[in-house]
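In case you want the letters, here they are:
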Amino acid sequence: MTTQSLVVGTNDILGITNISHATFYRVVFNNPTFPRPFKIGLRKNAWMRADIEAWISTRAAAVTA
């Protein structure tokens, strides 16, 4: 049985979206619709998985509309 974490990090998002580090950081800093991260350590950012999945769904819906 596998369970998905409620919180995802940068590498998790890269795997989910299949984009490069450079593209990821460009989206994070330049796209106001992308969910904002929160700190879970001194040098570690995280995002809520539900927020990332909702953002992806919104982007997909915009393309198909």
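As the structure is a prediction and not an experimental result, all values here were calculated from the model. In every chain, residue numbers begin from 1 and rise along the written sequence. Only residues with pLDDT of at least 70 get local features here, since the model is predicted, and only at 80 or more are side-chain atom pairs given and counted; chain-wide, interface and lining totals rely on the full set of residues. In computing side-chain values, all of the structure's heavy atoms are included and hydrogens and water are not.

Chemist: How should the side chain of Thr10 be read in this particular structure?
Modeler: Relative to the assigned elements, Thr10 resides in helix α1 (residues 10–17). Residue class for Thr10 comes out buried when judged on its relative accessible area of 14%. Other than its neighbours up to four places away in sequence, Thr10 contacts His21, Phe24, Tyr25 and Trp47. Here a helix means four or more residues in a row that DSSP labels H or I, a strand means two or more in a row labelled E, and each is numbered from the N terminus. Burial classes follow relative accessibility: with a 1.4 Å probe on protein chains only, a residue under 20% of its type's maximum area counts as buried, one over 50% as exposed, and anything between as partly exposed. In this description, contact between two residues means that some pair of their heavy atoms is separated by no more than 4.5 Å.

Chemist: Where do I start with a nonpolar patch on the surface in this structure?
Modeler: The residues that make up patches have over 30% relative accessible area and no salt bridge, and they are joined within 9 Å when like-charged or within 5 Å when they are Val, Leu, Ile, Met, Phe, Trp or Tyr. Under the convention used here, a 1.4 Å probe and the Shrake-Rupley method define accessible areas, while residue burial counts only the protein chains that appear. Criterion for a salt bridge: a side-chain nitrogen of Lys or Arg within 4 Å of a carboxyl oxygen of Asp or Glu. Where nonpolar side chains cluster on the molecular surface, the patch consists of Leu6, Val7, Phe38, Ile40 and Met48 and spans about 430 Å² of accessible area. Along the chain, Met48 turns up in strand β3 (residues 45–48).

Chemist: Sorry, what's going on with the environment of Leu42 here?
Modeler: With respect to the helices and strands, the residue Leu42 is situated in the loop between β2 (38–39) and β3. On a C-alpha basis, the gap between Leu42 and Thr64 in space is 39 Å, while along the polypeptide they are 22 residues apart.

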